[in-house]
Amino acid sequence: QVQLVESGGGLVQVGDSLRLSCTLSGRSLSGHTMAWFRQAPEKQRKFVAGIRDDVDAIISPDSEKGRFTISGDNAKNTVYLQMNNLKPEDTAVYFCAVRESARPLMPTDPAAYPFWGQGTQVTVSS
């Protein structure tokens, strides 16, 4: 059984930092693409960042390169999203998702990912 569990969300102030974690069970991290999405109330789910085999990574322009960093740890079967200098517009439920590596290697469409975690809430107050 494939299972994704996110953690690390919370209520923070503008300029604070958070590190989200997503642990994958039932599959090995290698050979798979892991991605972070976020969804604000009444908004569409949007791609934030993705990583494949701890090497290839991409950060969405919406996440502002230099503020967010995605990384993976194969030993822990965990992917992280480090978020610095948080802004109110970062407020959303953050989800992690996984798919078997294929072409395209880093899709940004949520429909490309068959397995999802339950989400973790990030709230940034002004």
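Residues numbered from 1 in each chain as written. Predicted model: local features only at pLDDT ≥ 70, side-chain atom pairs only at ≥ 80, totals over all residues. Heavy atoms only, no water.

Student: Would you explain the overall build of the protein in this entry?
Tutor: For the protein, the count of helices and strands is zero helices and eleven strands. Taken from N to C terminus, the helices and strands of the protein fall in the order β-β-β-β-β-β-β-β-β-β-β. Here the C-alpha atoms of the protein give a radius of gyration of 13 Å, agreeing with the 14 Å that 2.2 N^0.38 yields for 126 residues. Taken along its principal axes, the extent of the C-alpha atoms in the protein is 40 × 25 × 25 Å. In the protein, which comprises 126 residues, the proportion classed as buried is 41%. (Helix = DSSP H or I, 4+ residues; strand = E, 2+ residues; numbered from the N terminus. Rg over C-alpha atoms; globule rule 2.2 N^0.38 Å. Buried < 20%, exposed > 50% of the residue type's maximum accessible area, 1.4 Å probe, protein only.)

Student: Help me understand the side chain of Asn77, please; the structure alone is not making it clear to me.
Tutor: Within the fold, Asn77 resides in the loop between β7 (68-73) and β8 (78-83). In this structure, Asn77 is in contact with Cys22, Thr23, Leu24, Ser25, Arg27, Ser28 and Leu29, ignoring residues within four places of it in sequence. (Contact = heavy atoms within 4.5 Å.)

Student: How should I be thinking about the sheet that holds strand β3 (residues 18-25) in this particular structure?
Tutor: Sheets are built from strands paired through backbone hydrogen bonds, the pairs being either parallel or antiparallel. Pairing in this open sheet of four strands is antiparallel, and the strands run β1-β3-β8-β7 from one edge to the other. The sheet terminates laterally at β1 (3-7) and β7, the two strands that pair on one side only. Here the average twist between neighbouring strands, direction ignored, is 15 degrees. Sheet topology note: the β3/β8 ladder contains six bridges and is antiparallel. Directly across from Thr23, in β8, lies its bridge partner Thr78. (Pairing = 2+ DSSP bridges. Axes fitted to C-alpha atoms, helices over the stretch in contact; angles between N-to-C directions.)

Student: Can you walk me through the nonpolar core in this structure?
Tutor: One recurring pattern in soluble globular proteins is that nonpolar side chains are buried together. Formed by 26 residues in total, the largest nonpolar core has its most connected members in Met34, Trp36, Phe68, Ile70, Leu81, Met83 and Tyr94. Secondary structure elements with two or more residues in this core: β3, β4 (32-39), β5 (46-52), β7, β8, β9 (92-100) and β11 (120-125). If near-sequence neighbours (up to four positions away) are discounted, Met83 is found in contact with Asp16, Ser17, Leu18, Leu20, Arg67, Phe68, Tyr94 and Val122. (Core = buried A, V, L, I, M, F, W, Y, C linked by side-chain atoms within 4.5 Å.)

Student: Explain the packing of aromatic side chains to me, please; I cannot follow it from the model alone.
Tutor: Two aromatic rings are characterised by how far apart their centres lie and by the angle between their planes. On inspection of all chains with the given rule, the structure shows five aromatic pairs. Aromatic side chains Phe37 and Tyr113 sit 5.4 Å apart centroid to centroid with 75 degrees between the ring planes, which places their arrangement in the edge-to-face category. Taken as a pair, Phe37 in strand β4 and Tyr113 in the loop between β9 and β10 (115-116) lie far apart in primary sequence, 76 residues in all. By the burial criterion, Phe37 is buried, and Tyr113 matches it. Consider the rings of Tyr113 and Trp116, whose centres lie 6.3 Å apart with planes at 70 degrees: the pair is edge-to-face. One aromatic cluster in this structure is built from Phe37, Phe47, Phe95, Tyr113 and Trp116. One Lys or Arg, Arg45, reaches over the ring of Phe95 and ends 3.9 Å from the middle of that ring. (Phe/Tyr/Trp six-rings, centres within 6.5 Å; stacked < 30°, edge-to-face > 60°. Lys NZ or Arg CZ within 6 Å of the ring centre and 35° of its normal.)

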